[in-house]
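Chains, contacts and geometry: an overview
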Amino acid sequence: MTEPVFLALPSLTPSLALEVLPRGLTIHRLYVQADGRTHDLVIGPEDPKDHLNQKYTNTIVGRYANRIPTDSQPYIISRNKITSAFTPQPNESPSVSLHGGKSGFDSRDFEPLLDLGAVRLFTNKEKASIAEKYDNGAAMIFRRVSEDGEEGFPGKLLLEVLVALVEPHGPQIEKLELSLGSIVIVYRAKLLDENKVTPINLTQHWGFNLDASLKDEVPDSLSVKEHKLSIKADHTISLTETGLSTGALSPVKGTHHAHGEKETGKIGEKWPEGGYDHFYLFSRPSPPSTQPTRIPASQLTPDTSFVEELFTKEPESVDPVVELASDRSGIRLSFDTNQSGVQFYTNNLTNPSKGARKKIHGGSGISGKGDSYDVGTAAFLEFHEPLAAWLHPETQGPDKNDTLLASGEVYNNFVRVDVWYTSPPV
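Conventions we followed
- Residues numbered from 1 in each chain as written.
- Predicted model: local features only at pLDDT ≥ 70, side-chain atom pairs only at ≥ 80, totals over all residues.
- Heavy atoms only, no water.
- Pairing = 2+ DSSP bridges.
- Helix = DSSP H or I, 4+ residues; strand = E, 2+ residues; numbered from the N terminus.
- Salt bridge = Lys/Arg side-chain N within 4 Å of Asp/Glu carboxyl O.
- Buried < 20%, exposed > 50% of the residue type's maximum accessible area, 1.4 Å probe, protein only.

As recorded by an unreviewed UniProt entry, the protein carries the name Galactose mutarotase-like protein and is attributed to Somion occarium.

Here's what the structure looks like:
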């Protein structure tokens, strides 16, 4: 595991900072400074090395996020008159490939690109916008190459991921909220082979807890059941007993998935047995037209920029698809993306007797001590396209993204998180 990369907004006491581990492109820490208090908003182990034993904790997942059936392989996939064979590798069970297979992107090393001149999938205009953040220690681009046939996926894939912090804007007066800044992650990928097509569906598998750092002041601060959640979705994807897509959509109205209908708006209201682990398809007409998910490589000219908008857009003007907030800490996260939906997961498969919990969250920091995170201690919000979307056209979003990428195209996926703070009532 190479050295962590520390990113922070330029300030003696930065309102927002990240510690990123190149292995698995892991968001090890997400620091927020507010009212003289330090919060770490993501769960996880104290020691970076313990991520090796706590899979999918704030890592990237890919080449394909979520679950794919393996009992009908090989799949013959086609796009732009190109055809390839795809053989997903089972890992969760004999019939399910989860998060890219036995050795997905979460267990692979990414290279921090210290020299922007080495970057290949971001344009000259985009690199000019990124350069200032590089100079201030507020951005880094990470790269890896996924070889042809890795975990059964066709094509040699070049992947570059921008992780950047955006300086805060002024307070939102109507709500007496203070902007603490924004996190921007942009995933770009391109096949290096000719005449290949591959499934690709990337996301950050990060688990948020906005209260965990209040361990000395708030009872049951590890639970996210007091958090308020809103998701702009009318449907979830119907699942089989093994968590695979059935190819059908289920209305959220009148169910525990209709978070906006809850009287308190809290995650814990109408808590389902076993917690949450479902994909919500956003109800908006389509993803932002200014942020396409697949771009013909010929159109990615030196003067093209999709990044500039993500750096300069005022948080007040963003219509978020997901919001997560806590009255107890006063922190609110507002999410925007060009993906069609979000997987909401509440850490249901954890084993608190294994793993480790951060000291700032009241843990010993020692792996296997028995004081790790339990069920319901995190809200994982994983923004990506529907499960096995090329198999199930009925579940695709309005832009009909089948999650296939052909030679001559560039994959473009972004998530932006705006961080807000309001002083909690005394």
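Following the structure, the description resumes.
Taken in spatial order, the six strands line up as β16-β25-β24-β20-β18-β19 in an open sheet, and their pairing is antiparallel. Here the strands that pair on one side only, and so sit at the sheet edges, are β16 (207-208) and β19 (245-251). Across three bridges, the pairing between strand β18 (residues 233-239) and strand β20 (residues 277-282) is antiparallel. When the bridges of β20 are listed, Ala233 appears paired with Phe282.

A complete count under the given rule lists 25 salt bridges for this structure. A salt bridge links Glu19 to Arg29, with the shortest nitrogen-to-oxygen separation between them at 3.8 Å. Placement of Glu19 in strand β2 (residues 16-21) and of Arg29 in strand β3 (residues 26-34) is noted, with a sequence separation of ten residues between them. On the basis of relative accessible area, Glu19 is assigned to the buried category, the value being 15%. A residue is classified by how much of its surface remains accessible, and Arg29, at 8% relative accessible area, is buried. Of the charged contacts in the structure, one is a salt bridge between Lys232 and Asp319, with a shortest N-O distance of 2.3 Å. Residue Lys232 is found in the loop between β17 (228-231) and β18, and its partner Asp319 is found in the loop between α2 (307-312) and β22 (322-325); the two are separated by 87 residues along the sequence.

Moving on, we get to unusual backbone geometry. Omega for the bond connecting Gly62 with Arg63 falls within 30 degrees of zero, at 15 degrees, which places this linkage in the cis form. Mapping Arg63 onto the fold places it in the loop between β5 (59-61) and β6 (67-69). For Leu25, which is not glycine, the phi torsion reads 45 degrees and is therefore positive. Locating Leu25 in the fold gives a position in the loop between β2 and β3. Since its relative accessible area comes to 1%, Leu25 is described here as buried.

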